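A structural walkthrough
If you want the building blocks of each chain, they are given just below.
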Amino acid sequence: MEEAGNDNMIFKNTGGSLPVPNVQSFAASKDCTEIPEKYIRPELNDSILVLNGAVGQGDIPIIDLSRLHHPQHSEDEMLKLSLACEHWGFFQLINHGVPNEVIEKMKIAMGEFFQLPLEEKKAYGQPPDSVEGYGQAFVVSEDQKLDWADMYILSTNPVHGRNLKLWPTNPPTFKGALEQYSLELRKVSHVLLDSIGKSLKIDEFIGLFEDCLQSVRMNYYPPCPQASKVLGLSPHSDAGALTILLQVSEVQGLQIKKNGVWLRVKPLPGAFIVNIGDIIEIMSNGKYKSIEHRVMVNTEQERMSIATIHNPRFDAKVGPLPETLEKSEPYYKTISHHEYIRMLFSAKLEGKNLLDRMKLEA
Ligand code: OGA
Ligand code: NI
(Lines give C-alpha, C1' and ligand atoms only; values in the text may rest on other atoms or scores of the structure.)
(Ligands and ions follow the chains in the order given, each with its own letter.)
Protein backbone atom coordinates (compact mmCIF):
# COMPACT_ATOMS: atom_id res chain seq x y z
CA MET A 1 0.00 0.00 0.00
CA GLU A 2 1.19 3.49 -0.75
CA GLU A 3 1.60 5.89 2.08
CA ALA A 4 2.07 9.62 2.13
CA GLY A 5 5.83 9.83 1.89
CA ASN A 6 7.87 10.81 4.84
CA ASP A 7 10.83 9.20 3.18
CA ASN A 8 11.19 11.57 0.30
CA MET A 9 14.79 11.13 -0.65
CA ILE A 10 15.21 13.54 -3.46
CA PHE A 11 13.69 16.70 -2.07
CA LYS A 12 14.17 16.21 1.67
CA ASN A 13 16.32 18.91 3.28
CA THR A 14 17.50 20.17 -0.05
CA GLY A 15 16.86 23.81 0.75
CA GLY A 16 13.81 25.58 -0.61
CA SER A 17 13.23 28.62 -2.76
CA LEU A 18 12.30 32.12 -1.59
CA PRO A 19 8.58 32.81 -2.01
CA VAL A 20 7.74 34.77 -5.16
CA PRO A 21 4.48 36.21 -6.49
CA ASN A 22 2.24 33.89 -8.44
CA VAL A 23 2.66 34.70 -12.12
CA GLN A 24 -0.56 33.15 -13.43
CA SER A 25 -2.79 35.25 -11.17
CA PHE A 26 -0.79 38.43 -11.86
CA ALA A 27 -0.99 37.81 -15.62
CA ALA A 28 -4.77 37.45 -15.33
CA SER A 29 -5.20 40.66 -13.28
CA LYS A 30 -5.92 44.08 -14.71
CA ASP A 31 -2.64 45.37 -13.25
CA CYS A 32 -0.77 43.35 -15.77
CA THR A 33 -0.10 46.08 -18.30
CA GLU A 34 3.26 47.28 -17.00
CA ILE A 35 5.57 44.38 -16.24
CA PRO A 36 7.55 44.76 -12.97
CA GLU A 37 11.28 45.34 -13.41
CA LYS A 38 12.01 42.00 -11.72
CA TYR A 39 10.86 40.18 -14.85
CA ILE A 40 12.49 42.40 -17.49
CA ARG A 41 15.61 40.87 -19.04
CA PRO A 42 17.93 43.46 -20.57
CA GLU A 43 20.05 40.62 -21.98
CA LEU A 44 17.31 39.88 -24.50
CA ASN A 45 18.42 43.03 -26.33
CA ASP A 46 21.80 41.42 -26.93
CA SER A 47 22.59 40.63 -30.49
CA ILE A 48 22.70 36.84 -30.00
CA LEU A 49 20.97 35.40 -33.03
CA VAL A 50 17.76 33.43 -32.70
CA LEU A 51 17.15 31.01 -35.57
CA ASN A 52 14.52 28.50 -36.59
CA GLY A 53 17.00 25.80 -37.49
CA ALA A 54 20.75 25.37 -37.38
CA VAL A 55 22.38 26.91 -40.42
CA GLY A 56 24.21 24.26 -42.39
CA GLN A 57 23.80 21.67 -39.63
CA GLY A 58 20.24 20.49 -40.05
CA ASP A 59 17.70 20.51 -37.29
CA ILE A 60 17.74 18.76 -33.94
CA PRO A 61 18.14 15.00 -34.46
CA ILE A 62 15.21 12.57 -34.44
CA ILE A 63 15.56 9.21 -32.71
CA ASP A 64 13.11 6.38 -33.34
CA LEU A 65 12.72 4.34 -30.17
CA SER A 66 11.13 1.38 -31.97
CA ARG A 67 14.33 1.03 -34.01
CA LEU A 68 16.43 0.83 -30.85
CA HIS A 69 14.59 -2.46 -30.11
CA HIS A 70 14.68 -3.76 -33.66
CA PRO A 71 17.20 -6.55 -34.37
CA GLN A 72 18.18 -5.13 -37.76
CA HIS A 73 18.09 -1.44 -37.00
CA SER A 74 19.27 -1.12 -33.44
CA GLU A 75 22.93 -0.69 -34.30
CA ASP A 76 22.20 2.15 -36.73
CA GLU A 77 19.84 3.85 -34.36
CA MET A 78 22.27 3.51 -31.47
CA LEU A 79 24.91 5.27 -33.54
CA LYS A 80 22.44 8.07 -34.30
CA LEU A 81 21.64 8.30 -30.60
CA SER A 82 25.28 8.49 -29.66
CA LEU A 83 25.94 11.26 -32.21
CA ALA A 84 22.88 13.15 -30.98
CA CYS A 85 24.11 12.97 -27.37
CA GLU A 86 27.62 14.01 -28.34
CA HIS A 87 26.87 16.86 -30.70
CA TRP A 88 23.46 18.12 -29.66
CA GLY A 89 22.55 16.88 -26.19
CA PHE A 90 18.95 17.13 -27.46
CA PHE A 91 16.75 15.03 -29.72
CA GLN A 92 13.13 14.43 -30.57
CA LEU A 93 11.87 10.95 -29.77
CA ILE A 94 9.34 9.32 -32.08
CA ASN A 95 7.62 5.91 -31.95
CA HIS A 96 8.17 5.95 -28.19
CA GLY A 97 5.30 3.55 -27.51
CA VAL A 98 3.56 5.61 -24.81
CA PRO A 99 -0.18 5.22 -25.49
CA ASN A 100 -1.77 8.42 -26.71
CA GLU A 101 -4.54 8.00 -24.16
CA VAL A 102 -2.06 8.14 -21.28
CA ILE A 103 -0.55 11.34 -22.67
CA GLU A 104 -3.92 12.98 -23.29
CA LYS A 105 -5.18 12.18 -19.78
CA MET A 106 -2.04 13.70 -18.30
CA LYS A 107 -2.38 16.84 -20.41
CA ILE A 108 -6.01 17.29 -19.38
CA ALA A 109 -5.27 16.68 -15.69
CA MET A 110 -2.45 19.21 -15.70
CA GLY A 111 -4.58 21.80 -17.52
CA GLU A 112 -7.42 21.34 -15.03
CA PHE A 113 -5.12 21.65 -12.05
CA PHE A 114 -3.67 24.95 -13.23
CA GLN A 115 -7.19 26.28 -13.85
CA LEU A 116 -8.11 25.85 -10.18
CA PRO A 117 -8.42 29.01 -8.08
CA LEU A 118 -5.09 30.15 -6.64
CA GLU A 119 -6.09 29.33 -3.06
CA GLU A 120 -6.80 25.75 -4.00
CA LYS A 121 -3.46 25.37 -5.78
CA LYS A 122 -1.66 26.96 -2.85
CA ALA A 123 -2.83 24.11 -0.63
CA TYR A 124 -0.16 22.13 -2.51
CA GLY A 125 2.47 24.86 -2.13
CA GLN A 126 6.12 24.08 -1.51
CA PRO A 127 6.82 23.46 2.18
CA PRO A 128 9.80 25.36 3.62
CA ASP A 129 13.14 23.78 2.80
CA SER A 130 11.83 21.87 -0.23
CA VAL A 131 11.08 22.68 -3.85
CA GLU A 132 8.51 19.92 -4.17
CA GLY A 133 4.97 21.25 -4.65
CA TYR A 134 3.39 24.24 -6.36
CA GLY A 135 5.39 27.46 -6.60
CA GLN A 136 8.80 28.35 -7.95
CA ALA A 137 12.31 26.96 -7.70
CA PHE A 138 15.78 28.41 -7.82
CA VAL A 139 14.95 31.79 -6.29
CA VAL A 140 17.74 32.34 -3.80
CA SER A 141 18.06 36.12 -3.47
CA GLU A 142 15.73 39.11 -3.27
CA ASP A 143 17.40 40.94 -6.15
CA GLN A 144 17.36 38.07 -8.61
CA LYS A 145 15.42 38.38 -11.89
CA LEU A 146 12.31 36.22 -11.99
CA ASP A 147 10.94 33.81 -14.56
CA TRP A 148 7.52 34.37 -16.12
CA ALA A 149 6.16 31.00 -15.00
CA ASP A 150 4.77 28.97 -12.15
CA MET A 151 5.75 25.39 -11.63
CA TYR A 152 4.58 22.33 -9.81
CA ILE A 153 7.16 19.70 -8.96
CA LEU A 154 6.28 16.21 -7.74
CA SER A 155 8.50 13.26 -7.04
CA THR A 156 7.06 10.16 -8.73
CA ASN A 157 9.59 7.38 -8.18
CA PRO A 158 10.47 5.46 -6.06
CA VAL A 159 6.87 5.05 -5.04
CA HIS A 160 7.61 5.10 -1.29
CA GLY A 161 9.31 8.49 -1.75
CA ARG A 162 6.15 10.18 -3.03
CA ASN A 163 4.80 12.95 -0.88
CA LEU A 164 1.12 12.33 -1.51
CA LYS A 165 0.09 15.32 0.60
CA LEU A 166 1.35 17.42 -2.27
CA TRP A 167 -0.60 15.52 -4.95
CA PRO A 168 -3.92 17.22 -5.70
CA THR A 169 -7.25 15.53 -5.12
CA ASN A 170 -8.76 17.90 -7.65
CA PRO A 171 -9.11 17.14 -10.52
CA PRO A 172 -9.92 13.62 -9.28
CA THR A 173 -8.26 12.15 -12.38
CA PHE A 174 -4.89 13.73 -11.57
CA LYS A 175 -3.38 11.04 -9.38
CA GLY A 176 -4.20 8.17 -11.74
CA ALA A 177 -3.08 10.16 -14.77
CA LEU A 178 0.29 11.00 -13.22
CA GLU A 179 0.81 7.46 -11.96
CA GLN A 180 0.28 6.03 -15.42
CA TYR A 181 2.19 8.71 -17.23
CA SER A 182 5.23 8.51 -14.97
CA LEU A 183 5.28 4.71 -15.20
CA GLU A 184 5.24 4.86 -19.01
CA LEU A 185 8.01 7.44 -18.99
CA ARG A 186 10.14 5.26 -16.75
CA LYS A 187 9.90 2.55 -19.40
CA VAL A 188 10.98 5.00 -22.09
CA SER A 189 13.83 6.30 -19.94
CA HIS A 190 14.97 2.75 -19.26
CA VAL A 191 15.32 1.95 -22.97
CA LEU A 192 17.12 5.23 -23.63
CA LEU A 193 19.47 4.93 -20.65
CA ASP A 194 20.23 1.31 -21.52
CA SER A 195 21.16 2.36 -25.08
CA ILE A 196 23.16 5.32 -23.77
CA GLY A 197 25.13 3.02 -21.45
CA LYS A 198 25.79 0.58 -24.29
CA SER A 199 26.86 3.36 -26.62
CA LEU A 200 29.33 4.52 -23.96
CA LYS A 201 30.44 0.89 -23.48
CA ILE A 202 29.81 1.12 -19.75
CA ASP A 203 28.46 -2.17 -18.48
CA GLU A 204 27.18 -1.07 -15.10
CA PHE A 205 25.49 2.08 -16.44
CA ILE A 206 21.88 0.87 -16.56
CA GLY A 207 22.27 -0.69 -13.11
CA LEU A 208 22.78 2.79 -11.69
CA PHE A 209 19.27 3.64 -12.85
CA GLU A 210 17.47 0.66 -11.37
CA ASP A 211 14.38 2.00 -9.59
CA CYS A 212 15.69 5.41 -10.61
CA LEU A 213 14.68 8.69 -9.01
CA GLN A 214 12.04 10.32 -11.16
CA SER A 215 10.20 13.59 -10.72
CA VAL A 216 7.95 15.71 -12.87
CA ARG A 217 8.11 19.43 -13.24
CA MET A 218 4.94 20.92 -14.67
CA ASN A 219 5.65 24.35 -16.13
CA TYR A 220 2.91 26.92 -16.64
CA TYR A 221 3.84 29.98 -18.70
CA PRO A 222 1.02 32.54 -18.72
CA PRO A 223 0.71 34.95 -21.65
CA CYS A 224 2.65 38.19 -21.16
CA PRO A 225 1.84 41.56 -22.76
CA GLN A 226 5.58 42.20 -23.12
CA ALA A 227 6.55 38.68 -24.04
CA SER A 228 9.73 39.65 -25.88
CA LYS A 229 11.17 41.27 -22.73
CA VAL A 230 10.73 38.39 -20.28
CA LEU A 231 11.89 34.79 -20.02
CA GLY A 232 9.60 31.89 -19.12
CA LEU A 233 12.61 29.94 -17.96
CA SER A 234 16.13 31.34 -17.56
CA PRO A 235 18.94 29.76 -19.58
CA HIS A 236 19.99 26.58 -17.82
CA SER A 237 21.13 23.04 -18.41
CA ASP A 238 19.14 20.31 -16.67
CA ALA A 239 20.80 19.02 -13.52
CA GLY A 240 19.44 15.46 -13.67
CA ALA A 241 20.55 12.64 -15.93
CA LEU A 242 17.83 12.54 -18.60
CA THR A 243 14.83 14.82 -19.17
CA ILE A 244 11.85 13.84 -21.29
CA LEU A 245 9.74 16.85 -22.15
CA LEU A 246 6.11 16.80 -23.17
CA GLN A 247 4.76 19.87 -24.87
CA VAL A 248 1.26 20.08 -23.32
CA SER A 249 -0.07 22.98 -25.38
CA GLU A 250 0.78 23.69 -29.00
CA VAL A 251 2.48 27.00 -28.26
CA GLN A 252 6.20 26.94 -29.01
CA GLY A 253 8.81 28.59 -26.83
CA LEU A 254 11.76 26.29 -26.16
CA GLN A 255 15.14 27.41 -27.50
CA ILE A 256 18.46 25.60 -27.27
CA LYS A 257 21.93 27.11 -27.51
CA LYS A 258 24.11 25.67 -30.22
CA ASN A 259 27.40 27.21 -31.30
CA GLY A 260 26.53 30.49 -29.62
CA VAL A 261 23.15 30.80 -31.38
CA TRP A 262 19.66 30.23 -29.94
CA LEU A 263 17.67 27.73 -31.99
CA ARG A 264 13.89 27.49 -31.73
CA VAL A 265 12.72 23.92 -31.21
CA LYS A 266 9.70 22.96 -33.24
CA PRO A 267 8.23 19.85 -31.63
CA LEU A 268 7.07 17.12 -34.00
CA PRO A 269 3.46 16.10 -33.33
CA GLY A 270 3.39 13.23 -30.84
CA ALA A 271 7.14 13.34 -30.17
CA PHE A 272 8.92 13.90 -26.88
CA ILE A 273 11.87 16.25 -26.64
CA VAL A 274 14.66 14.48 -24.80
CA ASN A 275 17.80 16.00 -23.41
CA ILE A 276 20.97 14.88 -21.70
CA GLY A 277 21.35 16.43 -18.26
CA ASP A 278 24.44 17.40 -16.28
CA ILE A 279 24.70 14.00 -14.55
CA ILE A 280 25.22 12.17 -17.85
CA GLU A 281 27.69 14.80 -18.98
CA ILE A 282 29.59 14.17 -15.72
CA MET A 283 29.29 10.37 -15.78
CA SER A 284 30.50 10.26 -19.40
CA ASN A 285 33.36 12.60 -18.39
CA GLY A 286 32.19 15.20 -20.88
CA LYS A 287 31.56 12.98 -23.92
CA TYR A 288 27.80 13.54 -23.93
CA LYS A 289 26.66 17.13 -23.57
CA SER A 290 24.11 18.81 -21.36
CA ILE A 291 23.04 21.79 -23.43
CA GLU A 292 21.80 25.17 -22.31
CA HIS A 293 18.21 26.00 -23.12
CA ARG A 294 15.60 28.60 -22.21
CA VAL A 295 11.90 29.34 -22.71
CA MET A 296 10.28 32.37 -24.33
CA VAL A 297 6.62 33.15 -23.67
CA ASN A 298 3.73 34.27 -25.85
CA THR A 299 1.71 37.50 -25.81
CA GLU A 300 -1.67 35.84 -26.31
CA GLN A 301 -1.52 32.24 -25.28
CA GLU A 302 -0.51 30.32 -22.20
CA ARG A 303 2.03 27.57 -22.64
CA MET A 304 2.33 24.36 -20.64
CA SER A 305 4.93 21.63 -20.56
CA ILE A 306 5.90 18.68 -18.38
CA ALA A 307 9.56 17.88 -17.88
CA THR A 308 10.07 14.38 -16.47
CA ILE A 309 13.47 14.13 -14.89
CA HIS A 310 15.37 10.88 -14.34
CA ASN A 311 18.25 10.59 -11.91
CA PRO A 312 20.34 7.59 -10.86
CA ARG A 313 19.55 5.63 -7.72
CA PHE A 314 19.99 7.68 -4.61
CA ASP A 315 23.03 5.73 -3.44
CA ALA A 316 24.87 6.16 -6.78
CA LYS A 317 27.72 8.63 -6.72
CA VAL A 318 27.81 11.52 -9.17
CA GLY A 319 31.15 11.54 -10.97
CA PRO A 320 32.93 10.27 -14.10
CA LEU A 321 32.55 6.48 -14.39
CA PRO A 322 35.78 4.43 -14.26
CA GLU A 323 35.52 3.25 -17.91
CA THR A 324 35.61 6.86 -19.10
CA LEU A 325 38.90 7.40 -17.30
CA GLU A 326 40.87 4.77 -19.16
CA LYS A 327 41.97 7.24 -21.79
CA SER A 328 41.63 10.55 -20.03
CA GLU A 329 41.87 12.43 -16.75
CA PRO A 330 38.64 13.11 -14.84
CA TYR A 331 37.20 16.51 -15.71
CA TYR A 332 34.64 16.51 -12.89
CA LYS A 333 34.55 15.85 -9.16
CA THR A 334 32.85 12.83 -7.66
CA ILE A 335 30.35 13.56 -4.88
CA SER A 336 27.34 11.86 -3.30
CA HIS A 337 23.96 12.19 -4.96
CA HIS A 338 22.55 14.01 -1.93
CA GLU A 339 25.40 16.53 -1.87
CA TYR A 340 24.82 17.10 -5.57
CA ILE A 341 21.11 17.81 -5.09
CA ARG A 342 21.79 20.25 -2.24
CA MET A 343 24.27 22.05 -4.44
CA LEU A 344 21.67 22.29 -7.20
CA PHE A 345 18.96 23.92 -5.12
CA SER A 346 21.28 26.33 -3.35
CA ALA A 347 21.93 28.38 -6.47
CA LYS A 348 19.90 30.21 -9.03
CA LEU A 349 19.25 28.75 -12.42
CA GLU A 350 21.97 30.23 -14.56
CA GLY A 351 23.55 28.65 -17.57
CA LYS A 352 25.75 25.72 -16.75
CA ASN A 353 26.74 26.96 -13.28
CA LEU A 354 26.23 23.63 -11.55
CA LEU A 355 28.48 21.87 -14.06
CA ASP A 356 31.05 24.60 -13.60
CA ARG A 357 31.12 23.92 -9.88
CA MET A 358 31.59 20.22 -10.57
CA LYS A 359 34.55 20.82 -12.90
CA LEU A 360 38.04 20.02 -11.69
CA GLU A 361 40.67 22.70 -12.18
CA ALA A 362 42.51 22.09 -15.45
C1 OGA B 1 12.69 22.41 -17.89
C2 OGA B 1 12.64 22.96 -19.27
C3 OGA B 1 11.35 23.54 -21.19
C4 OGA B 1 9.96 23.85 -21.59
O5 OGA B 1 11.61 22.25 -17.28
O6 OGA B 1 13.81 22.15 -17.42
O7 OGA B 1 13.68 23.22 -19.82
O8 OGA B 1 9.73 23.88 -22.79
N9 OGA B 1 11.45 23.14 -19.84
O10 OGA B 1 9.11 24.09 -20.73
NI1 NI C 1 15.35 22.38 -18.79
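- Under an unreviewed UniProt entry, the name given to the protein chain is Fe2OG dioxygenase domain-containing protein, and the organism recorded is Dioscorea zingiberensis.

1. Considering the coordination of the nickel ion (ligand 2)
- Here the nickel ion (ligand 2) is held by the protein donor atoms His236 (NE2), Asp238 (OD) and His293 (NE2), which lie 2.1 Å from it.
- Summarised as a motif, the one-chain spacing of the donors to the nickel ion (ligand 2) is H-x1-D-x54-H. Of the two residues, aspartate 238 is situated in the loop between strand 7 (233-236) and strand 8 (242-247) and histidine 293 in strand 12 (residues 293-295); the sequence distance between them amounts to 55 residues.
- By relative accessible area, which is 13% here, aspartate 238 ends up buried.

2. Considering the site of ligand 1
- Taken together, 13 residues lie around ligand 1, and Asn219, Tyr221, His293, Arg303 and Ser305 are the ones closest in.
- Note that an oxygen atom of ligand 1 is positioned 3.3 Å from one of the side-chain N or O atoms of aspartate 238.
- Here serine 305 contributes a side-chain N or O atom positioned 2.6 Å from an oxygen atom of ligand 1.
- Compared with its free state, where it exposes 290 Å², ligand 1 has 96% of that area covered by protein.

3. Digging into the UniProt feature "domain: Fe2OG dioxygenase" (unreviewed entry) in the protein chain
- Under the local residue numbering, the UniProt record ascribes the feature "domain: Fe2OG dioxygenase" (unreviewed entry) to residues 212-312.
- As annotated, residues 212-312 has a helix share of 6% and a strand share of 45%, and its two end C-alpha atoms lie 5 Å apart.

4. Comments concerning the pairing of strand 13 (residues 303-311)
- Counting buried positions along strand 13 gives eight out of nine residues, so the element sits mostly inside the fold.
- Direction of pairing for strand 6 (residues 213-221) relative to strand 13: antiparallel, over a ladder of nine bridges. From the neighbouring strand, serine 215 faces strand 13, where its bridge partner is isoleucine 309.
- Sheet topology places strand 8 next to strand 13; six bridges connect them, and they run antiparallel. What sits directly across from threonine 243, in strand 13, is isoleucine 309.

5. Quick look at unusual backbone geometry
- In this structure, proline 158 follows asparagine 157 across a cis peptide bond, with omega equal to 0°.
- Mapped onto the elements, proline 158 comes out in the loop between strand 5 (150-157) and helix 6 (174-199).
- Residues asparagine 170 and proline 171 are joined by a peptide bond in cis, for which omega reads 0°.
- Its place among the elements puts proline 171 in the loop between strand 5 and helix 6.

6. A few points about the packing of aromatic side chains
- Using the criterion set out here, one finds twelve aromatic pairs in the structure.
- Between the aromatic rings of tyrosine 39 and tryptophan 148, the centroid separation amounts to 5.2 Å while the plane-to-plane angle is 80°, which identifies the pairing as edge-to-face. Note that tyrosine 39 is positioned in the loop between helix 1 (23-28) and strand 1 (50-51) and tryptophan 148 in the loop between strand 4 (133-135) and strand 5, a separation of 109 residues in sequence. There is no split in this pair, since tyrosine 39 and tryptophan 148 are both buried.

Calculation criteria
- Residues numbered from 1 in each chain as written.
- Chains lettered and ligands numbered in written order.
- Predicted model: local features only at pLDDT ≥ 70, side-chain atom pairs only at ≥ 80, totals over all residues.
- Heavy atoms only, no water.
- Donors = N, O, S within 2.8 Å, 3.2 Å for Na, K, Ca; no water.
- Helix = DSSP H or I, 4+ residues; strand = E, 2+ residues; numbered from the N terminus.
- Buried < 20%, exposed > 50% of the residue type's maximum accessible area, 1.4 Å probe, protein only.
- Near = heavy atom within 4 Å.
- Polar contact = N/O pair within 3.5 Å; in protein donor to acceptor, adjacent residues only side chain to side chain.
- Areas by Shrake-Rupley, 256 points an atom, 1.4 Å probe, with all protein chains shown as cover.
- UniProt positions renumbered as here; feature names shortened; annotations may be inferred.
- Pairing = 2+ DSSP bridges.
- Phe/Tyr/Trp six-rings, centres within 6.5 Å; stacked < 30°, edge-to-face > 60°.

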